[in-house]
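Overview (structure and organization)
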Amino acid sequence: MSDRAPTVLVFDSGLGGLTVFSELRATLSGARFVYAADDAVFPYGRLAEGVVVERVVEVMERLIPRYQPSLVVIACNTISTVVLPVLRQRFAVPFVGTVPAIKPAAALTQTGRVAILATPGTVRRDYTRELIRSFAATIEVELVGAVGLASLAEAVLRGQPVEDAAIAREIAPCFVDRDGKRTDVVVLACTHYPLVLEAMKRVAPWPVSWLDPAPAIARRAADLAGPIPVRTVVEDGLAVFTGGAGLTDDLKAALAARGLPAIAVEAMPPRWH
């Protein structure tokens with residue numbers, strides 16, 4: 001039974017996908033997990049779309065034959081909004097993506113004003129704007145491209161000090177009170193952001209609903225994976241890095257606490273360096 005347990009590959013440019021991995025691990029408790037971070041190139045948001053596509057395909061061509069996953073979860077909005085069609089065409093394995101939760105936000109808002117907190121790359125994507133046109137055309141949407149919030153979240157996970165003021169500056173544009181409409185829903189359109197959710201709640205100028213996509217992603221993955229045998233012994237997950245330069249003792253401890261005590265480096269320096 002253990003030999004037939006599916007392997008789920010969770011992929012992100014950095015460590016934000018750990019928020020999705022935690023939900024997947026709880027939902028697909030009988031699966032093996034490989035968490036892969038393309039830290040050699042992080043962050044993806046600064047890259048042109050064509051470069052992102054080329055890089056993700058390159059990494060998948062290494063990881064999929066190596067780990068033979070039954071399912072791949074792309075735990076990154078920036079990647080998903082650009083690369084999913086290419087990946088689905090190129091590889092036989094099913095992919096689950098991560099897209100901004102704009103439709104649920106439109107259904108949830110009471111004031112008619114929501115904010116999409118994302119990386120600059122996700123904000124720029126035509127895909128994101130099409131979601132707004134399709135599902136939120138009748139409400140006010142603030143598209144907020146946070147330049148440094150993902151890096152701040154990574155720093156927190158690595159055990160580095162991050163001041164509340166720095167997080168407050170990143171999220172401030174989300175909070176708009178204009179024309180009788182005050183922001184009441186903030187979509188976390190980057191998987192890194194739930195890593196600092198408590199800090200964001202602490203520094204927010206007023207309470208809002210924060211939409212984290214991870215539970216919905218886990219449900220979709222469970223639908224695709226189908227029934228998984230219950231195992232008495234659950235294997236530890238493996239964390240794979242394409243660079244590994246930031247593997248501090250604090251980070252290793254944080255990964256182990258999240259169910260990823262084993263670490264490997266698949267060295268893949270970017271070709272443009």
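For the structure, see preceding data.
Residues numbered from 1 in each chain as written. Predicted model: local features only at pLDDT ≥ 70, side-chain atom pairs only at ≥ 80, totals over all residues. Heavy atoms only, no water.

Counting its regular elements, the chain contains 11 helices and 12 strands. By the compact-globule yardstick of 19 Å for 273 residues, the chain fits well, its C-alpha radius of gyration being 18 Å. In terms of its C-alpha atoms, the chain occupies a principal-axis envelope of roughly 60 × 40 × 40 Å. Within the chain, buried positions represent 55% of all 273 residues. Pairs at least 24 residues apart make up 76% of the contacts formed inside the chain by residues separated by at least 6 positions. Counting every atom, the chain has about 12,200 Å² of accessible surface; 51% of that belongs to carbon and sulfur. The positive charge centre, built from 28 side chains, and the negative charge centre, built from 28, are 3 Å apart in the chain. (Helix = DSSP H or I, 4+ residues; strand = E, 2+ residues; numbered from the N terminus. Rg over C-alpha atoms; globule rule 2.2 N^0.38 Å. Buried < 20%, exposed > 50% of the residue type's maximum accessible area, 1.4 Å probe, protein only. Contact = heavy atoms within 4.5 Å. Areas by Shrake-Rupley, 256 points an atom, 1.4 Å probe, with all protein chains shown as cover. Lys, Arg positive; Asp, Glu negative; His and termini not counted. Charge placed at Lys NZ, Arg CZ, Asp CG, Glu CD.)

This brings us to the side chain of Thr122. Turning to its location among the elements, Thr122 is positioned in helix α5 (residues 120–124). At 3.1 Å, the side chain of Thr122 and the side chain of Thr78 are in polar contact. The contacts of Thr122, once residues within four sequence positions are left out, are Asn77, Thr78, Pro100, Thr128 and Ala189. (Polar contact = N/O pair within 3.5 Å; in protein donor to acceptor, adjacent residues only side chain to side chain.)

Here we come to the packing of aromatic side chains. Tallied over the entire structure, the rule returns 5 aromatic pairs. Taken together, a centroid distance of 6.4 Å and an interplanar angle of 65 degrees make the contact between Phe21 and Tyr35 edge-to-face. Of the two residues, Phe21 is situated in helix α1 (residues 18–27) and Tyr35 in strand β2 (residues 32–37); the sequence distance between them amounts to 14 residues. The class for Tyr35 is buried, based on a relative accessible area of 0%. Site record: aromatic cluster; members linked through ring pairs are Phe21, Phe33 and Tyr35. Between Arg182 and the ring centre of Trp206, over which it is positioned, the NZ or CZ distance is 4.0 Å. (Phe/Tyr/Trp six-rings, centres within 6.5 Å; stacked < 30°, edge-to-face > 60°. Lys NZ or Arg CZ within 6 Å of the ring centre and 35° of its normal.)

A separate point is the packing of α1 against helix α10 (residues 214–225). The geometry of α1 relative to α10 is characterised by a closest axis approach of 8 Å and an angle of 45 degrees between their N-to-C directions. It follows from the interaxial angle that α1 and α10 lie oblique. Between α1 and α10 lies a crossing of right-handed hand. Residue-level inspection shows Thr19, Val20, Glu23, Leu24 and Thr27 of α1 in contact with α10, the latter providing Ala214, Pro215, Ile217, Ala218, Ala221 and Ala222. Class assignment of the residues belonging to the contact of α1 with α10 gives a composition of 8 nonpolar, 2 polar and 1 charged. (Axes fitted to C-alpha atoms, helices over the stretch in contact; angles between N-to-C directions. Parallel < 35°, antiparallel > 145°, perpendicular 65-115°, else oblique. Left-handed = near helix turned anticlockwise from the far one by under 90°. Nonpolar A, V, L, I, M, F, W, Y, C, P; charged D, E, K, R; others polar.)

Next up on the list: the sheet that holds strand β1 (residues 7–12). Neighbouring strands of a sheet are bound in pairs by backbone hydrogen bonds; such pairs are parallel or else antiparallel. Pairing is parallel in the open sheet, where 6 strands are placed in the order β4-β3-β1-β2-β11-β12. The open sheet has two edge strands, β4 (95–96) and β12 (262–265), and neither has a second partner. Where β1 meets β2, 6 bridges bridge the pair, whose relative direction is parallel. Opposite Asp12, over in β2, you have Ala37 as the bridge partner. Along the sheet, α1 contacts β1, β2 and β3 (71–74); its crossing angle with β2, the most-contacted strand, is approximately 175 degrees. (Pairing = 2+ DSSP bridges.)

Bringing the sheet that holds strand β5 (residues 113–118) into the picture now. Reading across the sheet, the 4 strands line up as β6-β5-β9-β10 and stay open at both edges, with parallel pairing between neighbours. Sheet topology places β6 (140–145) and β10 (209–211) at the edges, where each strand pairs with a single neighbour. Each neighbouring strand pair of the sheet contributes to a mean axis angle of 20 degrees, computed without reference to strand direction. Sheet topology note: the β5/strand β9 (residues 185–189) ladder contains 5 bridges and is parallel.

Before going further, it helps to examine the environment of Ala75. Within the fold, Ala75 resides in the loop between β3 and α3 (77–90). A C-alpha to C-alpha distance of 6.6 Å links Ala75 and Gly97, two positions 22 residues apart in sequence. Look past the residues within four positions of Ala75 in its chain and what remains in contact with it is Val10, Phe11, Asp12, Gly17, Val20, Thr98 and Thr191.

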